[in-house]
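# Inside the fold
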Amino acid sequence: MFIELRGVEFVNKGAELMLYAILQELKKEFPNAKLVMEKSGRAPIAKQRELGILTKFRFSRHKKLVDILEKVIPSALLNAGGYVKENQIQIVLDGSGFAFGDKWGANKAGSRLADHIVRWKTEGKKVILLPQAFGPFEDEKLRAKMKLIIDHASLVFARDKISYDHLLGLSATKTNIKQRPDFTNLIKGDVPAYFETSKNEVAIIPNSQMIAKVKDAGEKERYPSLLENVVELVREEGFAPFFLIHEGESDKAIADVVNKKIGQPIPVIVEDNPLKVKGIIGNSKAVITSRFHGLVSALSQATPCLTTGWSHKYEMLLEDYDYSEGMLYTDMATDELRSKIKYILEPFSSNAIKIKLEEKSLEQKNQTKVMWSEVVKMIAQ
């Protein structure tokens, strides 16, 4: 069996963590399955091979040539070279995270799934959208694309109530739409040998989307200032803050800007392995994050945390853990921000947070296990 993985990659650590989570479950349930990805700048062949993943024999710029080669080159020969024909693929798993909504547009929804899914279903392929954020869908072209996806997918999992409602707004009668949590909560982190907890106590995870995705010019300007205040207030409490980079140069650029503005720069940890990023988060005294999967990794490991956010997915995730007090806003007064930071760092309140998050994390992990049982049953049918 050949299973194609879409929407996961190796640059964004959240997307890569989702890839590891998928591999963990599929190798356990379908040990003989061959996993396939498309080649891209964010998913190079060398990285795929490190994980034993094959490459889809599809290069859009040379589609006609590929169509000819697929007909004349035997599948076994291509497979031996690490490539897989599209007609060999039986299952498509999409782990996009957040790619279907007005912020991303109809073209992305089309290239990711909608422009292919009717043909795939005709060919007998099963398409499953793993838990992710969806919506809103105000654009009519996007709504049409999403209806195609919903009508032809085997399963569609929304990871929060707002996303679920957005999907039901497109097709309220569809029984293939379900709500389940983010599925990286079952993956265990791995603490890197170089990480010193005494020198790196409070992780600050920046996110360039806090500037790129918000429309309010004032909010774009306030975000770096918020991070400056966070650094100083963490130090005020007697703890050692550090930047943890969750996705590439754009996030690091924000850390560099903040470091230039504060009197004493703080360490910047750039870790390529998402399991080690999660390990660092789990071994920090607290986390202040703007990356969604940085928040998932903190909550699921019962690490006291705070978050900013640029979409509904952050507030919905906090709601899943009954932890709405973990939300930060860029226009928050310094006294309120100080109070929030004290809350996650002072021993009594920090311990209370850990106890609550441990209980809620167990509930979320159990829901993820239910989701995987549904996926496994669909694949096996």
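Shown above is the structure to which this text applies.
The structure presented is a predicted model; accordingly, all values stated were derived computationally and were not measured.

What follows is about helix H6 (residues 140-152). Between its first and last C-alpha, H6 extends 19 Å over 13 residues, near the 18 Å set by a 1.5 Å rise per residue. Three or more residues of H6 are buried, namely Leu142, Met146, Ile149 and Ile150. All buried residues of H6 project into a common sector of 95 degrees when viewed along the axis, lining one side. Within H6, the exposed residues directed more than 90 degrees away from the buried face are Glu140 and Lys141. Looking at the buried side of H6, the elements it contacts are helix H5 (105-122), strand S6 (126-132), helix H7 (161-170) and strand S8 (177-179). Capping the start of H6, Asp139 holds a side-chain oxygen 3.2 Å from the backbone nitrogen of Lys141, two or three residues further along.

Time to look at the nonpolar core. Membership of the largest hydrophobic core comes to 55 residues, with the highest contact counts inside it found for Leu244, Ile288, Leu299, Tyr323 and Ile341. The element contributing the most residues to this core is helix H9 (residues 217-236), with 7 residues. One finds Phe30, Ala33, Ile128 and Leu130 within the second-largest nonpolar core, a separate group that totals 36 residues.

With that out of the way, let us pick up the sheet that holds strand S12 (residues 286-289). With respect to topology, 5 strands assemble into an open sheet ordered S11-S10-S9-S12-S13, the strand pairing being parallel. A single partner strand is all that each edge strand has here, and the edge strands are strand S11 (268-270) and strand S13 (305-307). Each neighbouring strand pair of the sheet contributes to a mean axis angle of 20 degrees, computed without reference to strand direction. Relative to S11, strand S10 (residues 241-245) runs parallel, the two being bridged by 3 bridges. Looking at the pairing, Phe243 lines up with Val268 of S11. Strands in contact with helix H11 (residues 274-282) are strand S9 (202-205), S10, S11 and S12; relative to S10, the strand with the most contacts, it is inclined by about 155 degrees.

Remark on secondary structure: sheet strands pair via backbone hydrogen bonds, oriented parallel or antiparallel. An order of S4-S3-S2-S1-S5-S6-S7-S8 is seen for the 8 strands of this open sheet, with the pairing classed as parallel. Since the sheet does not close on itself, it has two edges, and those belong to strand S4 (83-84) and S8, each with one partner. Bridge count between strand S3 (residues 54-56) and S4: 2 bridges; the pairing is parallel. Paired with Lys56 across the two strands is Val84, which belongs to S4. Running over the sheet, H5 touches strand S1 (2-6), S3, strand S5 (89-94) and S6 and is turned about 150 degrees from S1. Those strands touched by H7 are S6, strand S7 (155-158) and S8, and its axis lies near 170 degrees from that of S8.

Take the packing of H6 against H7 next. Where H6 contacts H7, the two axes come as close as 10 Å, and the packing angle between them is 95 degrees. With respect to their mutual orientation, H6 and H7 come out roughly perpendicular. Every residue of H7 that contacts H6 at Arg143, Met146, Lys147 and Ile150 is listed here: Leu167, Gly169 and Leu170. A per-class count over the contact of H6 with H7 returns 4 nonpolar, 1 polar and 2 charged.

Our next topic: the packing of helix H14 (residues 334-345) against helix H15 (residues 347-380). Axes are the key here: two packed helices are described by the angle between their axes and the distance separating the axes. Contact geometry for H14 and H15: axes closest at 5 Å, N-to-C directions at 70 degrees. Classed by the angle they form, the pair H14 and H15 counts as roughly perpendicular. In this structure, H14 contributes Lys342, Tyr343, Ile344 and Leu345 to the contact, and H15 contributes Pro347, Ser349, Ser350 and Ile353. Of the residues in the contact of H14 with H15, the class split is 5 nonpolar, 2 polar and 1 charged.

On to the layout of surface pockets, then. Empty space among the atoms becomes visible once a probe the size of a water molecule is rolled across them. Its boundaries defined by the atoms lining it, the largest pocket holds a volume of some 1,300 Å³. Within the residue set of the lining of the largest pocket, elements represented by two or more residues are S1, helix H1 (13-29), H5, helix H12 (292-300) and helix H13 (312-320). By residue number, the principal contributor to the lining of the largest pocket is H5, which donates 6 residues. Of the residues in the lining of the largest pocket, the class split is 14 nonpolar, 15 polar and 17 charged. Space inside the second largest pocket adds up to approximately 150 Å³. Lys13, Glu247, Gly248, Val270 and Asp272 are, among the 13 residues lining the second largest pocket, the residues nearest its centre. Residue contributions to the lining of the second largest pocket peak at 3 residues, all from helix H10 (residues 248-261). A breakdown of the residues in the lining of the second largest pocket according to their chemical character gives 4 nonpolar, 2 polar and 7 charged.

Glancing now at the pairing of S12. Residues Ala286 and Ile288 line one face of S12 and the alternating positions Val287 and Thr289 line the opposite face, and both faces are buried. The sheet contact formed by S9 and S12 spans 4 bridges and is parallel. Opposite Ala203, over in S12, you have Val287 as the bridge partner. The β-α-β motif built from S12, the intervening H12 and the parallel element S13 has right-handed crossover chirality.

You can see Gln132 is positioned in strand S6. With a relative accessible area of 0%, Gln132 lands in the buried category. Polar contacts involving the side chain of Gln132 include one to the main-chain carbonyl oxygen of Leu130, which spans 2.9 Å. The residues contacting Gln132, other than those within four sequence positions of it, are Asp94, Gly95, Ser96, Gly97, Phe100, Phe157, Ala158, Arg159 and Ser163.

Quick notes on the rules
Residues numbered from 1 in each chain as written. Predicted model: local features only at pLDDT ≥ 70, side-chain atom pairs only at ≥ 80, totals over all residues. Heavy atoms only, no water. Helix = DSSP H or I, 4+ residues; strand = E, 2+ residues; numbered from the N terminus. Expected span 1.5 Å × (residues − 1). Buried < 20%, exposed > 50% of the residue type's maximum accessible area, 1.4 Å probe, protein only. Arc of directions from axis to C-beta. Contact = heavy atoms within 4.5 Å. Polar contact = N/O pair within 3.5 Å; in protein donor to acceptor, adjacent residues only side chain to side chain. Core = buried A, V, L, I, M, F, W, Y, C linked by side-chain atoms within 4.5 Å. Pairing = 2+ DSSP bridges. Axes fitted to C-alpha atoms, helices over the stretch in contact; angles between N-to-C directions. Parallel < 35°, antiparallel > 145°, perpendicular 65-115°, else oblique. Nonpolar A, V, L, I, M, F, W, Y, C, P; charged D, E, K, R; others polar. 1 Å grid on protein atoms, 1.4 Å probe; cavity = no way out; pocket = protein on both sides within 12 Å on 5 of 7 lines; lining within 4 Å. Points joined across faces, edges and corners; volume = space filled by probe spheres on them. Right-handed = clockwise from strand over helix to strand, strands pointing away.

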